[in-house]
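Here is what each chain is made of, one letter per residue.
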Amino acid sequence: MTTRCLVTGAGGQVGLDLIRVLQARGYDVHGSDIAPRPDAAQLDASVPWHALDVTDADSVEALFTKVRPHRVFHLAAILSARGEEVPQRTYDVNQNGTVNVLEACRKLEVERVIFTSTIAVFGPGLPATVVDDVPLQPTTMYGVTKVAGELLGDYYWRRFGVDFRAVRFPGLISASLPGGGTSDYALFMYTDGVRLGHYEAFCRPDTRIPLMYMPDGIRALVDLSEASRGALRRCTYNIAAFSPTAEEIAQSVATAIAGVNITFASDPRRQAILDSWPRVLDDSNARNDWGWAPDYDLGAMTEDLVPKIRALIEQNPGLFDHDH
Ligand SMILES: NC(=O)c1ccc[n+]([C@@H]2O[C@H](COP(=O)([O-])OP(=O)(O)OC[C@H]3O[C@@H](n4cnc5c(N)ncnc54)[C@H](O)[C@@H]3O)[C@@H](O)[C@H]2O)c1
């Protein structure tokens, strides 16, 4: 029987790419989101789509009863920058939404649940290179709720045997409009560089955070979901690709977009979040337990990304308009 996967928050930046990869690997994939079904250019017409607000426990259980997924990819969340504008709602979606999904997984005996945590679980004062097990003292509601998600997942695994697996994503970069994360400056260097020839980044040039190209992030999720449980010595894993400074990203962008002008004007609120994140992640547990390794470094990402963004902007000139 084909393994059935249900994705929450499937209409977002990660979800749409994840669905394409799961389909390509032969899974029966269902998407769900509080947002309407994306258009046919973004989502294959063959993918069933379900309206789901993860904060509504009854709706979550009803959908799981209807779809009967073997695996759940729980992505629905409000991200870091947006989360600081609406912290109460962020608590509701990220914390209550996650416990609702875990409860439905327990009741309906879902085989595996994959959770997307983040480097925003870390707080200030950590060493430059951060291993998996360090004190988690985030300064944002987003980080607080993602720590809780990791801990709840660990609890559901130990207490009820719900097979919970999570990665801590670095800032993800892809050729799509991001959902209000604090690492968005990196993508805007590329998109505004292509469409306008200039971009003023909201961080200092020496800002260094871990980043990853989306295809690697998606592959990490799918590979972790396919790993044998016996190989996994923990539930949540750091994963890493590269950790450039904002200045280094600007230099890489300049190799692919002639004459681009990238300047810096640090925004105190977002800079404070960026400064609270680790600079480099140690992902050796993921490498040892389930064979994690990234394919893309900064240069390879720039080479792949710029032509994609050019083609998308040609088709739809307003695609990457943004107001932050
Ligand atoms: N993009 C990144 O750089 C990054 C980094 C670290 C972790 N993550 C995590 O990866 C996951 C996906 O992120 P993304 O970049 O696709 O974000 P996104 O904002 O693009 O997508 C999130 C999706 O969740 C949906 N959603 C919001 N509230 C909901 C609710 N109440 N019920 C159901 N759906 C709801 C939104 O409509 C949206 O489609 C998130 O859990 C995020 O925390 C992302």
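Cut-offs applied
- Residues numbered from 1 in each chain as written.
- Predicted model: local features only at pLDDT ≥ 70, side-chain atom pairs only at ≥ 80, totals over all residues.
- Heavy atoms only, no water.
- Core = buried A, V, L, I, M, F, W, Y, C linked by side-chain atoms within 4.5 Å.
- Buried < 20%, exposed > 50% of the residue type's maximum accessible area, 1.4 Å probe, protein only.
- Helix = DSSP H or I, 4+ residues; strand = E, 2+ residues; numbered from the N terminus.
- Domains from an automatic or database assignment.
- Contact = heavy atoms within 4.5 Å.
- Salt bridge = Lys/Arg side-chain N within 4 Å of Asp/Glu carboxyl O.
- Near = heavy atom within 4 Å.
- Polar contact = N/O pair within 3.5 Å; in protein donor to acceptor, adjacent residues only side chain to side chain.
- Areas by Shrake-Rupley, 256 points an atom, 1.4 Å probe, with all protein chains shown as cover.
- Buried area = accessible area lost by both parts, 1.4 Å probe.

**Q** Is there a simple way to think about the nonpolar core in this case?
**A** Buried together is how nonpolar side chains tend to be arranged in soluble globular proteins. One finds Y185, M189, Y190, I249, V253, M301 and L305 to be the most contacted residues of the largest nonpolar core, which totals 42 residues. Among the elements of the structure, α5 (141–160), α6 (184–195), β9 (198–201), β10 (211–213), α8 (246–256), α9 (268–276) and α11 (298–315) are those that each provide at least two residues to this core. Residue assignment places this core across two domains, with domain 1 (4–171 + 212–238) and domain 2 (173–210 + 242–278 + 296–315) each supplying three or more. The residues contacting L305, other than those within four sequence positions of it, are I173, S174, A175, L187, Y190 and Y213. Among the nonpolar cores identified, the runner-up in size contains 33 residues, and M212, M214, V222 and W292 belong to it.

**Q** Help me understand the pattern of salt bridges in this model?
**A** Side-chain pairs of opposite charge can arise whenever the charged atoms involved come near each other. Taken as a whole and judged by the stated rule, the model has 27 salt bridges. The salt bridge involving R89 is made with D92; its shortest N-O contact spans 3.9 Å. Of this pair, R89 and D92 both sit in helix α4 (residues 87–107), three residues apart, which is roughly one turn of that helix. R89 gets classed as partly exposed once you look at its relative accessible area, which sits at 34%. Of the charged contacts in the structure, one is a salt bridge between R195 and D192, with a shortest N-O distance of 3.0 Å. In this pair, R195 and D192 both sit in helix α6, three residues apart, roughly one turn of the helix.

**Q** Explanation requested: the site of the ligand in the structure shown.
**A** Residues in close proximity to the ligand total 27 residues, the closest being D33, L75, T116, Y142 and K146. Taking D33, its side chain carries an N or O atom lying 2.6 Å from an oxygen atom of the ligand. Side-chain polar atom of K146 to an oxygen atom of the ligand: 2.8 Å apart, as the coordinates give it. Surface burial for the ligand is 90%, taken as the share of its 830 Å² of free accessible area covered by protein chains.

**Q** Would you mind showing me how to read the environment of D304 here?
**A** With respect to the helices, strands and loops of the structure, D304 is situated in helix α11. Take D304: its relative accessible area is 24%, and that puts it in the partly exposed class. When the C-alpha positions of D304 and M1 are compared, they lie 36 Å apart, and in sequence the two are 303 residues distant. Setting aside anything within four residues of it in sequence, one finds D304 in contact with Y213 and Y296. At 2.7 Å, the side chain of D304 and the side chain of K308 are in polar contact.

**Q** What should I look at first to understand the domain arrangement of the protein in this one?
**A** Interface size is commonly expressed as the accessible area that is lost once the parts come together. Splitting the protein by domain gives domain 1 (4–171 + 212–238) and domain 2 (173–210 + 242–278 + 296–315). On a C-alpha basis, the centroid separation for the pair domain 1 and domain 2 is 25 Å. In total, domain 1 and domain 2 occlude about 1900 Å² of area from one another, counting both sides; carbon and sulfur atoms represent 60% of this. It is Q13, I119 and Y213 in domain 1 that bury the most area against domain 2; as a group they hold 36% of the surface buried on that side. Counting every contact that joins domain 1 to domain 2 gives zero salt bridges. At the boundary of domain 1 with domain 2, the tally comes to seven residue pairs in polar contact (both at pLDDT 80 or more). Taken together, the elements giving at least two residues each to the side of domain 1 that touches domain 2 come down to α1 (13–24), α3 (80–85), β10 and α7 (214–226).

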